[in-house]
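# Results of the structural survey
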Amino acid sequence: KMPPSLPATINIREPRWDQSTFEGRAKHFFMVTDPRNLLLSGATLEEARRVVEDYRAGTVQPGLTEDQLWRAKYIYDSAFHPDTGEKMILVGRMSAQVPMNMTITGCMLTFYRTTPAVVFWQWVNQSFNAIVNYTNRSGDAPITPSQLGTAYVSATTGAVVTALGLKSLTKHLPALIGRFVPFAAVAAANCINIPLMRQRELKLGIPVTDENGNRLGESTAAAQKAIFQVVVSRIGMAVPAMAIPPVIMNMLEKRAFLKRYPYLNAPLQVGLVGLCLVFATPLCCALFPQKSSMPVSSLEPEVQDQIRKKDPWLETVYFNKGL
């Protein structure tokens, strides 16, 4: 007996779980950042694309279950750009965040003692960030090559200068303090990189909508709040991965085991970072709702006037904060 046909009314443009709760957002981002999606074949990705596009067009494949539909939606979202529909660069996908960041961060924490190593790994990290930011750019506010170049050079310079400056200051301090230099450099780079990458939004504003998604105008105040939330999330992701392993490694390096097998230092560091990132990445993405909100009274006066003409009683507007 065939299972009953799936209704064509499930909204797969929105996440599966309630995004007004931290738990719902965390479940959503655990799916979005699942590194196993990187191992899926081209045929699996294309099949997921077909299921999603057919369903959105009102065609339900016979025998398709709700779980299969949501699985296809998350596979599709992991590999294809939400605005353009193009297949994204492999290392720029959200599912590549954990494996790429654990490798780069692990190496930053391992090779922090010499200046060439500090410069090299900060450069690698900012190059990866540039790829991620470009791959996940908004179709509504595209990044130009000059904006991408400016953000990349500024963030790399900021990270390297911060790392080298702090490294010189920590020469006479305990060894453990020196291990936190990479974190300070990454935090500084995030504060430079993300606002520069989204400078168009800061100048022109981002779309604000009512609860039903009806566009009401563009707000720079909303853009500032969105970018602040993303910076906090990105720094939050780095905290466990760059704060917990240094403490553990500092203790381990005093033991005979690591003195006997020093080549295990880097793999151990990368493994510890990976363990932290598996949880920190989705949980910090979930700190703020993707569909963020703010009171109309906090918007610029001209945007408030624009909204009051359309809906005098509206109190709250919504906007996409980005990632």
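Rules behind the numbers
- Residues numbered from 1 in each chain as written.
- Predicted model: local features only at pLDDT ≥ 70, side-chain atom pairs only at ≥ 80, totals over all residues.
- Heavy atoms only, no water.
- UniProt positions renumbered as here; feature names shortened; annotations may be inferred.
- Core = buried A, V, L, I, M, F, W, Y, C linked by side-chain atoms within 4.5 Å.
- Buried < 20%, exposed > 50% of the residue type's maximum accessible area, 1.4 Å probe, protein only.
- Helix = DSSP H or I, 4+ residues; strand = E, 2+ residues; numbered from the N terminus.
- Contact = heavy atoms within 4.5 Å.
- Expected span 1.5 Å × (residues − 1).
- Phe/Tyr/Trp six-rings, centres within 6.5 Å; stacked < 30°, edge-to-face > 60°.

An unreviewed UniProt entry annotates the chain as Sidoreflexin originating from Acrocephalus arundinaceus. The Function (unreviewed entry) field of the UniProt record for the chain holds the comment "Mitochondrial serine transporter that mediates transport of serine into mitochondria, an important step of the one-carbon metabolism pathway. Mitochondrial serine is converted to glycine and formate, which then exits to the cytosol where it is used to generate the charged folates that serve as one-carbon donors." What the UniProt record of the chain gives under Subcellular location (unreviewed entry) is the line "Mitochondrion membrane".

### Some words on the nonpolar core
In terms of nonpolar packing, the biggest core is built from 25 residues, with Leu6, Ile10, Ile12, Tyr55 and Leu69 touching the most fellow members. Secondary-structure elements contributing two or more residues to this core are helix H1 (22-32), helix H2 (42-56), helix H3 (66-79) and helix H12 (265-285). Contacts of Ile10, omitting those with residues within four sequence positions, involve Tyr55, Glu66, Leu69 and Trp70. If you look at the next biggest cluster of nonpolar residues, it comprises 16 residues, including Met108, Met242, Cys276 and Leu277.

### Observations concerning helix H4 (residues 97-110)
Here H4 is 14 residues long and its end C-alpha atoms lie 19 Å apart, about the 20 Å a rise of 1.5 Å per residue gives. Buried residues dominate H4, accounting for 10 of its 14 residues. Listed as buried for H4 are Gln97, Val98, Asn101, Ile104, Thr105, Gly106, Cys107, Met108, Leu109 and Thr110. Those residues of H4 that are buried lie in contact with helix H5 (115-135), helix H8 (181-197), helix H10 (220-252) and H12.

### Points about the packing of aromatic side chains
Considering all chains together, one arrives at 6 aromatic pairs under this definition. Ring geometry for Phe30 and Phe279: centres 6.4 Å apart, planes at 75°, overall edge-to-face. In this pair, Phe30 sits in helix H1 while Phe279 sits in helix H12, placing the two residues 249 residues apart along the sequence. For Phe30, a relative accessible area of 33% puts it in the partly exposed group. When its relative accessible area of 46% is taken as the criterion, Phe279 is described as partly exposed. Each ring, one from Phe111 and one from Trp121, has its centre 6.5 Å from the other, and the planes form 15°; the classification is stacked. In this pair, Phe111 is assigned in the loop between H4 and H5 and Trp121 in helix H5, connecting sequence segments 10 residues apart. Grouping aromatic residues by their ring pairs yields a cluster made of Phe111, Phe120, Trp121 and Trp123.

### So, the UniProt feature "transmembrane region" (unreviewed entry) in the chain
Per the UniProt record, the feature "transmembrane region" (unreviewed entry) sits at residues 176-196, 226-248 and 268-288. Within residues 176-196, the helical portion is 90% and the strand portion 0%, while the C-alpha atoms at the span's ends are 32 Å from each other. Between the end C-alpha atoms of residues 226-248 the distance is 34 Å, and the span holds 100% helix and 0% strand.

### Observations regarding the environment of Thr150
Locating Thr150 in the fold gives a position in helix H6 (residues 145-169). Residues Thr150 and Val230 lie 80 residues apart in sequence; the distance between their C-alpha atoms is 19 Å.

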